[in-house]
Amino acid sequence: LDLADARPQWRTLEPWPGAARMLAVAGVQADAFHLFGGADLTAGPDGKPVRRYLRDAYRFTPQAGWRRIADVPRPVVAAPSPAPAIGQSHLFIFSGDDGTKVNFQPQAEHPGFPADILAYHTITDTWITLGEMPSPRVTTPAVPWRGRWVIPSGEIRPGVRSPEVWSFQPQPKRTAFGWLNYTALAAYLAGVVAIGIYFSRFNRTTDDFFRGGQSIPWWAAALSIYATVLSSITYMALPGLGYGTNWNLFVQNSYIIILPLVALVYLPFYRRLNLTCAYEYLEQRFNVGTRLVASVLFIIFQCGRTAIVLYLPALALATVANFDLTTCILLMGVLCIVYTVAGGIEAVIWTDVAQTIVLMGGAVFGLVIAVMRIDGGVPAVFEQATAQGKFFETLDWNWDIAAGTAWTVILGAVFHN
């Protein structure tokens, strides 16, 4: 039933590829519907129905239909439903009958249902156990309310229902940042400011400030350009999006398509005219009004882009360290302004060189550590990624111009870049 329709009508979708069931657990996370466990009824020796406890699980998305996912570690029947969606990628299952105490006698001494909390990660398709609930129960809903999840009443053992109401609120755990990390962070920030102050001594003319006296080594300029396009969006947001969904936006970094055009046409053209910036050419070619309009539009665009570029690392820093989010943004923004204004283009280029080394070194280091922690090493990484369809097969090549498909992103990125 699509409630977005003006006059919603019921329609039948494809059935999931598993056995019929009741008392399953449902949950929605990452734009997908999930179905866990439940019980099927089969005929027993005397012809009476007998429960068959199920562990299989399924995911449904409107685009891809049903897909079987990792089995639940144990059978789950009549657990509080829907499964609470926690964060951006977890579904929690509380208690639930696992069938191990069927026909327990005497019934009055039944020890109750399992108390363990199972957490399913929707991206990695894995399960972990996250401790126990204080009062396990079944055949009751889980209800989101005022930032908490409420589990009212429910059976604490077969045929015995409790009037108690329980609620829980997830508490994020923060790993200590540590003195070594704080020292490295402070040293890095002090270093980039020191670079700006150092190069301020060489800024005697506007040509020195804006073009570094045209004495910048080619390799430093190249690394600076690379660091400029390698923002926190490229470094943090796109890998996270690719990890969770697909590689569609990854191909927006299609610089290789336009590099020949830039290197062979644009740059030689500006060099011949001996210009400081592209806006200077617009004034020569057209008029000062054209230069001002283009410059203002670019500044407005960069204000929006810079807001995101500053917000992402600030969010990461505030997550792992005891920093306020606003403080992180102001600290990075002010320090960038200081070394840029003080040192001019040379300070920008040489801090970019340092940033390139730090960013790429960190990426390589992180990748090596991650691979070392996976049993089987590099072959296992490719095997798991291939099995999960995490390479270029995730790209969506349809021609829907209203969606962010691979084609629309590539074509748009060529003009944007």
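The preceding data block contains the structure.
The structure contained in this document is the topic of the report that follows.

### A look at helix α10 (residues 406-416)
A turn of α-helix holds 3.6 residues, and therefore any two residues three or four places apart point the same way.
Right, on to step 1. For α10, the set of buried residues is Ala 406, Val 409, Ile 410 and Ala 413. Take α10 and look down its axis: the buried residues cluster within an arc of 95 degrees, on one side only.
Right, on to step 2. Considering only its buried residues, α10 is in contact with α5 (255-273).

### Some remarks on the packing of aromatic side chains
Right, on to step 1. Counted under the stated rule, the structure contains 19 aromatic pairs.
Right, on to step 2. Here the aromatic rings of Phe 36 and Trp 127 are separated by 5.3 Å at their centres, their planes lie at 75 degrees, and the arrangement is edge-to-face. Separated by 91 residues along the polypeptide, Phe 36 in strand β2 (residues 32-43) and Trp 127 in strand β8 (residues 126-132) bring together distant segments of the chain. Each member of the pair, Phe 36 together with Trp 127, is buried.
Right, on to step 3. Their ring planes at 80 degrees and their centres at 5.7 Å tell us that Tyr 182 and Phe 323 sit as a pair that is edge-to-face. Placement of Tyr 182 in helix α1 (residues 178-199) and of Phe 323 in the loop between α7 (288-320) and α8 (325-372) is noted, with a sequence separation of 141 residues between them.
Right, on to step 4. With relative accessibility at 28%, the residue Phe 323 sits in the partly exposed group.

### A word on the nonpolar core
Right, on to step 1. With 13 residues, the main nonpolar core has Val 25, Phe 36, Val 72, Val 76, Ile 93, Leu 118 and Trp 127 as its most contacted residues.
Right, on to step 2. Contributing elements (two or more residues each) for this core: β6 (90-94) and β7 (116-121).
Right, on to step 3. Residues in contact with Val 72, not counting those within four places in the same chain, are Phe 36, Gly 37, Arg 55, Ala 57, Leu 118 and Trp 127.
Right, on to step 4. Of all hydrophobic cores here, the second largest spans 11 residues; its members include Ile 86, Met 133, Ala 142 and Trp 149.

Reading the values: the criteria
- Positions within a chain are numbered from 1, following the residues in the order the chain's sequence is written.
- Under the rules for a predicted model, residues below a pLDDT of 70 receive no local features and side-chain atom pairs below 80 are neither given nor counted, while totals for whole chains, interfaces and linings still include all residues.
- The basis for the side-chain values is all heavy atoms of the structure; hydrogens and waters are excluded.
- Each residue gets one of three labels from its accessible area relative to the maximum for its type: buried under 20%, exposed over 50%, partly exposed in between, using a 1.4 Å probe on protein chains only.
- Elements are defined by DSSP. Helices are runs of H or I of four residues or more, strands are runs of E of two residues or more, and each kind is numbered from the N terminus.
- Our arc is simply the arc of the directions from the helix axis toward the C-beta atoms.
- Residue contacts are defined here by distance: any two heavy atoms, one from each residue, within 4.5 Å place the two residues in contact.
- Whether two aromatic rings pair depends on their centres lying within 6.5 Å, for rings of Phe, Tyr and Trp, where Trp uses its six-membered ring; planes under 30 degrees apart make the pair stacked, over 60 edge-to-face, and the rest tilted.
- Nine residue types can take part in a nonpolar core, namely buried Ala, Val, Leu, Ile, Met, Phe, Trp, Tyr and Cys, and a core is a set of them joined through side-chain atoms within 4.5 Å.

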